[in-house]
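# Descriptive structure summary
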Amino acid sequence: MTAENRLFEMLISTEVKGDLLVLFHKNPGLIDTHEGVARRIGRIANSIEADVRDLVTLGILKVRQIGSRDVLLFDRSKDRETQETIVNHLKTLKTRMEARDGPQ
Amino acid sequence: MARNKTGIPELDEMLRGGFMDKDAVMIAGSAGTGKTTLALEYLVNGATQFGEPGIYLTFEQLPDQIYRDAENFGWDLRKLEAENKLRVVCTSPDLLLEPDGEEQLLGETIKELQPRRMVIDSLNHLEMYVPQGDLRKEAYRILMYIKTRGISPLIVWEAQQEVDSSYSVTQTGMSFLIDCLVLLKFVEIDSSIKKALAIMKMRGSDHDKHLREYEITAHGLRVAAPFSGYEGIITGSPHRSLTQEVAGAWDDAFTRTKHKQ
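Residues numbered from 1 in each chain as written. Chains lettered and ligands numbered in written order. Predicted model: local features only at pLDDT ≥ 70, side-chain atom pairs only at ≥ 80, totals over all residues. Heavy atoms only, no water.

### Here we look at the overall build of chain B
Cut-off, in case you're wondering: Secondary structure counts use DSSP, requiring at least four H or I residues in a row for a helix and at least two E residues in a row for a strand, with both numbered from the N terminus. Burial here depends on accessible area, computed with a 1.4 Å probe over protein chains only, as a share of the maximum for the residue type. Under 20% is buried, over 50% is exposed, and the range in between is partly exposed. Should any heavy atoms of two residues lie within 4.5 Å, those residues are considered in contact. Note on areas: these come from Shrake-Rupley sampling with a 1.4 Å probe, and a residue is covered only by the protein chains present in the view.
Counting secondary structure elements, chain B contains nine helices and 13 strands. Per-residue burial for chain B yields a buried fraction of 50% across its 261 residues. Counting only contacts in chain B whose residues sit at least 6 apart along the sequence, the fraction spanning at least 24 positions is 66%. Summing over all exposed atoms, chain B offers an accessible surface of approximately 12,300 Å²; the carbon and sulfur share of this is 50%.

### Quick word on the overall build of chain A
When helices and strands are counted, chain A shows five helices and three strands. Taking the principal axes of its C-alpha atoms as reference, chain A extends roughly 55 × 25 × 25 Å. Among the 104 residues that make up chain A, the fraction classed as buried is 38%. Restricting to contacts in chain A with at least 6 residues of sequence separation, those with at least 24 account for 54%. On chain A, roughly 6,100 Å² of surface is accessible, and the fraction owed to carbon and sulfur atoms is 52%.

### Here we look at the interface of chain A and chain B
Spelled out, the test is: Once two parts are joined, some of their accessible surface, as seen by a 1.4 Å probe, is lost; buried area is that loss totalled over both. Should a side-chain nitrogen of Lys or Arg be within 4 Å of a carboxyl oxygen of Asp or Glu, the pair is scored as a salt bridge. Residues adjacent in sequence count toward polar contacts only when both atoms are side-chain atoms; beyond that, a polar contact is any pair of N or O atoms within 3.5 Å, and within protein one must be able to donate a hydrogen and the other to accept it.
Each side of the interface is counted separately: chain A has 20 residues, and chain B has 22 residues. Per-residue buried area on chain A facing chain B is highest for A:Ile31, A:Arg40 and A:Ile66; these three make up 31% of the total on that side. One can count four salt bridges joining chain A with chain B. The partner of A:Arg69 in a salt bridge is B:Glu98, and the shortest N-O contact between them spans 3.5 Å. Linking chain A with chain B are nine residue pairs in polar contact (both at pLDDT 80 or more).

### Brief notes about the confidence of the model for chain B
Put simply, the test is: pLDDT is a residue-level measure of predictor confidence that goes from 0 to 100.
Averaged over chain B, the pLDDT score is 88; the fraction of residues at 70 or greater is 83%. When mean pLDDT is taken per element in chain B, strand β2 (residues 19-20) of chain B scores highest with 98 and helix α9 (residues 242-260) of chain B scores lowest with 63.

### Some remarks on the packing of aromatic side chains
Condition: Think of it this way: a Phe, Tyr or Trp ring, Trp meaning its six-membered ring, pairs with another when their centres are within 6.5 Å, and the plane angle makes it stacked under 30 degrees, edge-to-face over 60, tilted otherwise.
Throughout the structure, instances matching the rule amount to three aromatic pairs over all chains. Pairing B:Phe73 with B:Trp75 gives two aromatic rings, centres 4.9 Å apart and planes at 25 degrees, and the pair type is stacked.

### Some thoughts on the pairing of strand β2 (residues 61-66) of chain A
Residue and element names in this part refer to chain A. Cut-off, in case you're wondering: Any two strands between which DSSP finds at least two bridges are classified as paired.
By the bridge criterion, six bridges tie β2 to strand β3 (residues 69-74) in an arrangement that is antiparallel. Looking across to β3, one finds that Val 63 is bridged to Leu 72. Linking two consecutive strands that pair antiparallel, namely β2 and β3, is a turn of two residues; a positive phi of about 60 degrees is found at Gly 67 within it.

### Some points on the pattern of salt bridges
Within this structure, the stated rule accounts for 32 salt bridges over all chains. The salt bridge involving B:Glu108 is made with A:Arg64; its shortest N-O contact spans 2.7 Å. Here A:Arg64 lies in strand β2 and B:Glu108 lies in helix α6 (residues 101-113), a pairing that spans two chains. Under the relative-accessibility criterion, B:Glu108 is labelled partly exposed at 42%. B:Asp206 is the partner of B:Arg16 in a salt bridge, and the nearest nitrogen-oxygen pair spans 2.9 Å. Here B:Arg16 is found in the loop between α1 (9-14) and β2, whereas its partner B:Asp206 is found in the loop between β9 (192-202) and β10 (212-217), with 190 residues between them in sequence. Given a relative accessible area of 39%, B:Arg16 falls into the partly exposed group. Each of the salt bridges in this network shares a partner with another, and the network as a whole consists of B:Asp21, B:Lys22, B:Glu52, B:Arg116 and B:Arg117.

### Thoughts on the confidence of the model for chain A
Here chain A averages 88 in pLDDT, while 98% of its residues score no lower than 70. Element-level mean pLDDT values for chain A span from 76 in helix α1 (residues 3-11) of chain A up to 96 in strand β1 (residues 30-33) of chain A.

### Section: the sheet that holds strand β3 (residues 25-29) of chain B
Put simply, the rule reads: Between N-to-C directions, angles span 0 to 180 degrees; the directions come from axes that are lines fitted to C-alpha atoms, helices contributing only their stretch in contact.
With respect to topology, twelve strands assemble into an open sheet ordered β2(A)-β3(A)-β1(A)-β5(B)-β4(B)-β6(B)-β7(B)-β3(B)-β8(B)-β9(B)-β10(B)-β11(B), the strand pairing being mixed. Unpaired on one side and paired on the other, β2 of chain A together with β11 (220-226) of chain B mark the two borders of the sheet. Mean inter-strand twist for the sheet, computed between neighbouring axes without regard to direction, equals 25 degrees.

### A few points about the packing of helix α2 (residues 15-26) of chain A against helix α4 (residues 45-58) of chain A
Residue and element names in this part refer to chain A. Definition in use: Working definition: roughly parallel below 35 degrees, roughly antiparallel above 145 degrees, roughly perpendicular at 65 to 115 degrees, and oblique for all remaining angles. By convention the crossing between two helices is left-handed if the near helix lies anticlockwise of the far one by an angle smaller than a right angle, and right-handed if it lies clockwise. Just so you know the grouping, Ala, Val, Leu, Ile, Met, Phe, Trp, Tyr, Cys and Pro go in nonpolar, Asp, Glu, Lys and Arg go in charged, and all remaining residues, Gly too, go in polar.
Running from amino to carboxyl end, α2 crosses α4 at an angle of 65 degrees, the nearest separation of the two axes being 9 Å. Considered as vectors, α2 and α4 are oriented roughly perpendicular to each other. Crossing of α2 against α4: the hand is right-handed. Together, Val 16, Lys 17, Leu 20 and Leu 21 of α2 and Ser 47, Ile 48, Asp 51, Val 52, Asp 54 and Leu 55 of α4 make up the contact between the two elements. A breakdown of the residues in the contact of α2 with α4 according to their chemical character gives six nonpolar, one polar and three charged.

### What about the nonpolar core?
Residue and element names in this part refer to chain B. Just so we agree on the cut-off: Here, nonpolar core means buried Ala, Val, Leu, Ile, Met, Phe, Trp, Tyr and Cys residues that are tied together by side-chain atoms lying within 4.5 Å of each other.
Met 26, Leu 57, Leu 106, Met 118, Leu 123, Leu 126 and Met 174 are the most contacted members of the largest nonpolar core, which totals 37 residues. Broken down by element, the residue count for this core peaks at six residues, all from helix α8 (residues 135-147). Leaving out residues up to four positions away in the same chain, Leu 57 has contacts with Val 89, Thr 91, Leu 96, Leu 106, Met 118, Val 119, Ile 120 and Asp 121. Grouped together as the second largest cluster of nonpolar side chains are 36 residues, Leu 40, Tyr 67, Val 156 and Met 202 included.

### Some points on α6(B)
All names here are of chain B. Quick note on the threshold: To estimate how far a helix should reach, multiply one less than its number of residues by 1.5 Å. Two axes are fitted around each residue, one to the seven residues ending there and one to the seven starting there, and the angle between them is reported as the bend at that residue.
Taking 1.5 Å of rise per residue, the 13 residues of α6 would be expected to cover 18 Å, and the 19 Å separating its terminal C-alpha atoms lies within 8% of that figure. Along its length, α6 reaches its greatest deviation from straightness, about 45 degrees, at Gly 107. Note on α6: the residue one or two positions beyond its end, Gln 114, has a positive phi of about 50 degrees.

### Some remarks on unusual backbone geometry
B:Asp121 connects to B:Ser122 through a cis peptide bond whose omega is 5 degrees. Summarising the element assignment, B:Ser122 is placed in the loop between β6 (117-121) and α7 (123-127).

Structure below.
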């Protein structure tokens, strides 16, 4: 499996990740605690922890400490990079499929 | 003395050229009076007309909703963000109260954007997280953080407006911290609801003392002529002024006499 494939699969692996990506894409200036972010997508902190970790690993979300609390914020430039990778990956897949099955 | 123009010509005229630079401005009014619209217009005009980038700090309303509402007035906030002229930051008020919270939340954005204007929407949300009696102290700290970075702060304050009574925007003891207070309120005149704007205070500067009607148009806030011939508008019980009543009585008497003849 290519790195692009792994990235793509990780991004679409859970509903929570989808909700988080939509939230931060629509609200790139959001800076909030895990609890605050969870509340804004109608969930509780525990239920988003694993997905937040994945997005932090990918660099799309960053963690910063404010006082005694960890907050999450969106990395706009990393997100742009990731989106470009995904778009290129999808284009490559399409080209491969067309080469195999003919134009769709 | 440097002034920060709002870009709303009639309001700038009332302010004798604009808000005084680095002054703490408060826009107070009840829900639906257009506080957020005025605050956004001040930032958008600053960024697009006067080369003054700005930060909009919101506590409850998500930026997504602010972008959408701004679009209705023809303001493309996303484009301004991409051009590094504006940032909409959304956070929980309690984070701002953490030690070094302002710097952690805003420091990077301030360095990147070099803003000249900043809106805090709203102080009421901050108040919910501050122990009783500490709002003034916390607000002072935050205002000083903003001012010492060369930024002019504008605070939004939602004040309760009760029917037939005046309302105080200084209940929290904030008046000491505020250099300029702009009051927005609903008034009932001749059985219709109108919006009224007044500059209640402007430290160190002359300003228009009239209460003026304003409207929220498709292009933002537009200030009209002063209400004339009425008294008691600020207190919530407007009535025609004595001069107007006398003039009206003369007019009635004259009309009646004319009909009799």
